[in-house]
Amino acid sequence: MKKITIAIDGFSSTGKSTVAKQLAKYLGYIYVDTGAMYRAVTLYAMQHGFIDANHFETSKLVNALEDITISFKFNDTLGFAEVYLNGVNIEKEIRTLEVSSFVSQVAAVSKVRTQLVKQQQQMGKDKGVVMDGRDIGTVVFPDAELKLYMIASAEKRAKRRFDELIERGDEVSYADVLKNVEERDYIDSNREDSPLRKAEDAIELDNSNLDLKTQFERVVSLVNDKFKQ
Ligand code: DC
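Visitor: Honestly, the overall build of the protein in this entry has me stumped. Any pointers?
Guide: Broken down by element type, the protein carries 9 helices and 8 strands. In summary, the protein has a C-alpha radius of gyration of 17 Å against a globular reference of 17 Å for 229 residues, a match within 12%. Principal-axis analysis of the C-alpha atoms places the extent of the protein at approximately 50 × 40 × 35 Å. Out of the 229 residues belonging to the protein, those deemed buried represent 50%. For the protein, restricting intrachain contacts to residue pairs at least 6 apart in sequence, the fraction spanning at least 24 positions comes to 71%. As displayed, the protein offers around 11,400 Å² of accessible surface, 50% of which is attributable to carbon and sulfur atoms. Across the protein, the centroid of the 32 positively charged side chains sits 4 Å from that of the 36 negatively charged ones.

Spelled out as C-alpha cells, the structure:
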C-alpha cells in the first residue's frame, strides 16, 4: 500500500501525541514528536545557562546549535521512540513544567526552527510518517496527504497535563499548569516565524468531550478515506 504523510498540529496538550502514537502503531509508520525536539534544545540551553527566569542569551544558543544532536530510539517496552540529546536519554527531563516554561521562547528563535525543520523533513522524506507539532501541515510538510488540527479548551488541556505531571510525581499546582498552557498558546500562535495556524486543508478535531476510542475511530476513518482517494 502506498505510504502517506500525516501531519498533526494544535495547541499544547490537545492529545496530538496520543493520536499520533496510536496511528503510527496502527499503520506501522514512524512517529516523530517535534515538540520533544524543541524541548531538547531548551534543556540544552538550560544546562548551559543560556536561559533562566531572568534572561535568554539567544546568540549563545544559536552559536551552540551545531553541538546539539537530537535523535530518537524506539523503546520496545514503551512502544514509541524516546528522545536523546547528544546520546543521553532525556525523555523524562524534557516533560517538566520548568522546560515547558521556557520552550516557547526557544521555539520562537528562527535559527532554531530552521535547523529542526530541516531534520524533520529529512526524517519524513520517505513518507510513512506521523509527525505532530505546531507547523507540520503549514511549514514542514505543506503537501502532507492528511492534516489534522486538534483543539480542546485550555482548562481541559491543563487538567490533562496536570494529571500527567502528578502521576509522574512532580509537585505542581493546577493554576501554574493552566498559566503555562495559556502563556504557551499565546507565544506559539503570535510568534513571527511559523506561528501555530490551522492549514487551509486541515481537518479540525475538537476532543474536549471525545473519549480516546471514539477519537481514534474517527481518525482511522479519515485515514481510510485518504487511502481510497
Ligand atoms: O508539543 P509540545 O507541548 O511538547 O511542544 C513544546 C513547545 O515546542 C510548544 O510550546 C511549541 C513548540 N513547538 C513548535 O514551535 N513547533 C513544533 N513543530 C512543535 C513544538
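Visitor: Looking at this structure, I do not really get the pattern of salt bridges. What am I missing?
Guide: A side chain of one charge can pair with a side chain of the opposite charge when the charged atoms of the two come close. One pass over the full model with this rule turns up 16 salt bridges. Among the ionic pairs, R113 bridges to D135, the shortest N-O distance being 2.9 Å. Residue R113 is located in helix α5 (residues 110-123), and its partner D135 is located in the loop between β6 (129-133) and α6 (136-140); the two are separated by 22 residues in the primary sequence. Two residues, D163 and K159, come together in a salt bridge whose shortest N-O distance is 2.9 Å. Of this pair, D163 and K159 both sit in helix α7 (residues 154-168), 4 residues apart, roughly one helical turn. Given the relative accessible area of 37%, D163 is considered partly exposed.

Visitor: In this structure, what is going on with α5? I would like to understand it.
Guide: Helical periodicity: at 3.6 residues per turn, an α-helix aligns residues three or four positions apart in one direction. The end-to-end C-alpha separation of α5 is 20 Å, in line with the 20 Å expected for 14 residues at 1.5 Å each. Inspection of α5 places V112, R113, L116, V117 and Q120 among the buried residues, and these make up the whole buried set. Viewed along the axis of α5, the buried residues span an arc of 120 degrees, placing them on a single side of the element. Those residues of α5 that are exposed and aimed more than 90 degrees away from the buried face are K111, T114, K118 and Q122.

Definitions and cut-offs
Residues numbered from 1 in each chain as written. Predicted model: local features only at pLDDT ≥ 70, side-chain atom pairs only at ≥ 80, totals over all residues. Heavy atoms only, no water. Helix = DSSP H or I, 4+ residues; strand = E, 2+ residues; numbered from the N terminus. Rg over C-alpha atoms; globule rule 2.2 N^0.38 Å. Buried < 20%, exposed > 50% of the residue type's maximum accessible area, 1.4 Å probe, protein only. Contact = heavy atoms within 4.5 Å. Areas by Shrake-Rupley, 256 points an atom, 1.4 Å probe, with all protein chains shown as cover. Lys, Arg positive; Asp, Glu negative; His and termini not counted. Charge placed at Lys NZ, Arg CZ, Asp CG, Glu CD. Salt bridge = Lys/Arg side-chain N within 4 Å of Asp/Glu carboxyl O. Expected span 1.5 Å × (residues − 1). Arc of directions from axis to C-beta.

On their own, these measurements won't tell you what the molecule is for.
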